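Fold and contact review
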Amino acid sequence: MNDTMHGIGHQVQNTIMQDRSLQDYDIEVLDNNGIITLRGVVPTRDAREKAEAIAREIEGVTSVINELDVI
């Protein structure tokens, strides 16, 4: 079961990092039984919202807690 949870977090992280508009930012992805927490710093609200939207699209994600700071 831990492999599945670990896999969801990695899948979210990889998908975010594949997005050209987000790949330059250090976005930390934490997974707790499908509840994804995003942490880090991004330059715009659009980037913050896009990272959350990407996370929500991943199969197995039940909710997203967006703690990304906009600077």
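Predicted, not measured: the structure shown is a model, and the values here were computed from it. (Residues numbered from 1 in each chain as written. Predicted model: local features only at pLDDT ≥ 70, side-chain atom pairs only at ≥ 80, totals over all residues. Heavy atoms only, no water.)

**Remarks on the sheet that holds strand β3 (residues 63-70)**
Quick note on the threshold: In this description, strands pair whenever DSSP reports at least two bridges between them. Only DSSP runs of H or I covering at least 4 residues are called helices, and only runs of E covering at least 2 are called strands; the numbering of each starts at the N terminus. Only the stretch in contact is used when a helix axis is fitted, and all axes are lines through C-alpha atoms; the angle between N-to-C directions ranges over 0 to 180 degrees. By definition, residues are in contact when any of their heavy atoms lie within 4.5 Å.
Spatial strand order, β1-β2-β3: three strands in an open sheet with mixed pairing. A single partner strand is all that each edge strand has here, and the edge strands are β1 (27-32) and β3. Across the sheet, the axes of successive neighbouring strands diverge by a mean angle of 10°, strand direction being ignored. Examined bridge by bridge, strand β2 (residues 35-42) and β3 share eight bridges and lie parallel to one another. Note on β3: the bridge partner recorded for R39 is E67. Most of the contacts of helix α2 (residues 45-57) go to β3, to which it runs at about 160°, and overall it touches β1, β2 and β3.

**Quick look at the confidence of the model for the protein chain**
Selection criterion: pLDDT measures how confident the predictor is about each residue, on a scale from 0 to 100.
In this model, the protein chain carries an average pLDDT of 92, and 92% of its residues clear a pLDDT of 70 or more. In the predicted structure, residues 1-5 sits below a pLDDT of 50 and forms two contacts with residues beyond four places in sequence or in another chain.

**Topic: the pattern of salt bridges**
What counts is decided by this rule: Each salt bridge in this description consists of a side-chain nitrogen of Lys or Arg and a carboxyl oxygen of Asp or Glu lying within 4 Å of one another. Only protein chains enter the accessibility calculation, which uses a 1.4 Å probe; a residue is then buried when its area is under 20% of its type maximum, exposed when over 50%, and partly exposed in between.
Summed over the entire model, instances satisfying the criterion amount to three salt bridges. Between K50 and D19 there is a salt bridge whose closest N-O contact spans 3.1 Å. One end of the pair, K50, is in helix α2; the other, D19, is in the loop between α1 (2-18) and β1, with 31 residues separating them in the sequence. You can call D19 buried: its relative accessible area is 16%. Between E52 and R56 there is a salt bridge, with its nearest N and O atoms 2.7 Å apart. Of the two residues, E52 and R56 are both situated in helix α2; the distance of four residues between them amounts to about one turn of the helix. The exposure class of E52 is buried, given its relative accessible area of 19%.

**Regarding α2**
Helical periodicity: at 3.6 residues per turn, an α-helix aligns residues three or four positions apart in one direction. Put simply, the rule reads: A helix is expected to span 1.5 Å for every residue after the first. Throughout, the arc means that of the directions going from the helix axis to the C-beta atoms.
Taking 1.5 Å as the rise per residue, α2 with 13 residues should run 18 Å; its terminal C-alpha atoms sit 19 Å apart, in good agreement. For α2, the full list of buried residues reads A47, A51, E52, I54 and A55. Angularly, the buried residues of α2 cover 160° about the axis, an arc narrow enough to put them on a single face. Exposed side of α2, more than 90 degrees from the buried face: R45, D46 and E57 are the residues found there.

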